[in-house]
Amino acid sequence: MTTTTSSTTARYTRHPAAERGPSNFGWLDSRHTFSFGRYYNPNMMGFRSLRVINDDRVAAGGGFAEHPHDNMELVSYVVQGGLAHKDSLGNGSTIRPGDIQRMTAGTGIRHSEYNPSETEPARFLQIWIRPETEGLAPDYEEKATGVLEHPGELRTIVSPAGGEHAVRINQDVTIDAGVFEPRQSASRAFDEDRHGWVQVVRGDLMLTVDGEQLTIGEGDGVELAPGVSIGLEATSNAEVLVFDLA
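In short, a report on the structure. All values reported here derive from a predicted model rather than from experimental measurement.

What counts and how
Residues numbered from 1 in each chain as written. Predicted model: local features only at pLDDT ≥ 70, side-chain atom pairs only at ≥ 80, totals over all residues. Heavy atoms only, no water. Helix = DSSP H or I, 4+ residues; strand = E, 2+ residues; numbered from the N terminus. Buried < 20%, exposed > 50% of the residue type's maximum accessible area, 1.4 Å probe, protein only. Contact = heavy atoms within 4.5 Å. Pairing = 2+ DSSP bridges. Axes fitted to C-alpha atoms, helices over the stretch in contact; angles between N-to-C directions. Phe/Tyr/Trp six-rings, centres within 6.5 Å; stacked < 30°, edge-to-face > 60°. Lys NZ or Arg CZ within 6 Å of the ring centre and 35° of its normal. Salt bridge = Lys/Arg side-chain N within 4 Å of Asp/Glu carboxyl O.

Before going further, it helps to examine unusual backbone geometry. One non-glycine residue, Arg 48, lies in the positive phi region at around 55°. Of note, Arg 48 is situated in the loop between strand S4 (28-32) and strand S5 (50-58). One non-glycine residue, Asp 210, lies in the positive phi region at around 50°. With respect to the element layout, Asp 210 can be found in the loop between strand S19 (204-209) and strand S20 (212-217). Using a relative accessible area of 41% as the deciding quantity, one classes Asp 210 as partly exposed.

Written out as structure tokens, the structure is:
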């Protein structure tokens, strides 16, 4: 069940999936949490250093032709199918569910992304984060996160330090990911100087914020005030990202 009405308390603001901006080009069906492309909402220009969350569904054989980026940290999280990547640094690979990809655009990089399947659609979340410093050298990294092999856990997949199952990012941000079966749960506390964002990738969950419960569903986002504690309990098979932001 996806909520359809925004709600705000002193501890959180819920942004329903239905309020996201749509784009449909035939080969691409996208929903934008924040202003992007032709979708503009002056109240949704990002959250802290988090600038873009696009939920992209790419038809078989479709994709983004080579195009440039600069001064942005670009993270791709595949939900379904595969995402083939080529860039001006010479990298070329296909990532799939359970993988995480980070590209530092820095002083400038060109890349293409496409669905390599001739029969199956692909779905991925395209996430942009403003870097701490502009003018960085372009860079690319991908990792197998192990998230799918550990249901019921929140596992760090992006952090400033990186790790065996996490890519390194040039910003004071961590991203945790988790897949959950019904009734599986996890918790997370944020420091007093840290903000949070919960993004539901698929399924339904009960989110508890400092003791207050709300139901959230696929595509919903919830921004969290500093210092809160949250609990997540799946009410269906579910997948979620949790951002910890300075």
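Following the structure, the description resumes.
So, on to the environment of Pro 68. Relative to the elements of secondary structure, Pro 68 occurs in strand S6 (residues 63-69). When residues no more than four places from it in sequence are discounted, the contact partners of Pro 68 are Ile 109 and Arg 110.

Turning our eyes to something else, we now look at the sheet that holds strand S22 (residues 229-234). Spatially, 4 strands are ordered S17-S22-S19-S20 in an open sheet, and the strand pairing comes out antiparallel. The two strands at the open ends of the sheet, each matched to only one other strand, are strand S17 (185-189) and S20. Along the sheet, successive strands turn relative to each other by an average axial angle of 20°, direction set aside. In this structure, S19 lies alongside S22, joined through 5 bridges in antiparallel fashion.

As enumerated under the stated definition, the model contains 5 aromatic pairs in all. Their ring planes at 85° and their centres at 5.1 Å tell us that Trp 27 and Phe 64 sit as a pair that is edge-to-face. Of this pair, Trp 27 sits in the loop between strand S3 (21-24) and S4 while Phe 64 sits in strand S6; the two residues are 37 residues apart in sequence, bridging distant segments of the chain. For Phe 64, a relative accessible area of 19% puts it in the buried group. Judged by centre distance (6.5 Å) and plane angle (85°), the ring pair of Phe 64 and Phe 124 falls under edge-to-face. Here Phe 64, found in strand S6, pairs with Phe 124, found in strand S12 (residues 122-129); they are 60 residues apart in sequence, far enough to count as distant. The pair Phe 64 / Phe 124 is uniform in exposure class, with both members buried. Clustering of aromatic rings is evident, with ring pairs tying together Trp 27, Phe 64 and Phe 124. In this arrangement the basic side chain of Arg 188 is found over the ring face of Phe 190, its NZ or CZ atom lying 5.0 Å from the centre.

This part is about the pattern of salt bridges. Taken as a whole and assessed by the stated rule, the structure comprises 18 salt bridges. A salt bridge links Asp 172 to Arg 194; its shortest N-O distance comes to 2.8 Å. Taken together, the residues span a long stretch of sequence, with Asp 172 in the loop between strand S15 (167-168) and strand S16 (173-180) and Arg 194 in the loop between S17 and strand S18 (195-202) at a distance of 22 residues. Its relative accessible area of 31% is what places Asp 172 among the partly exposed residues. A network of salt bridges, in which partner residues are shared, links Arg 20, Asp 55, Arg 57, Arg 123 and Glu 218.

Now for the pairing of S18. Taken across its 8 residues, S18 has 7 buried, putting it largely inside the fold. Note: S18 against strand S21 (residues 221-224), 4 bridges, orientation antiparallel. Looking at S21, one finds that Gly 196 is bridged to Leu 224.

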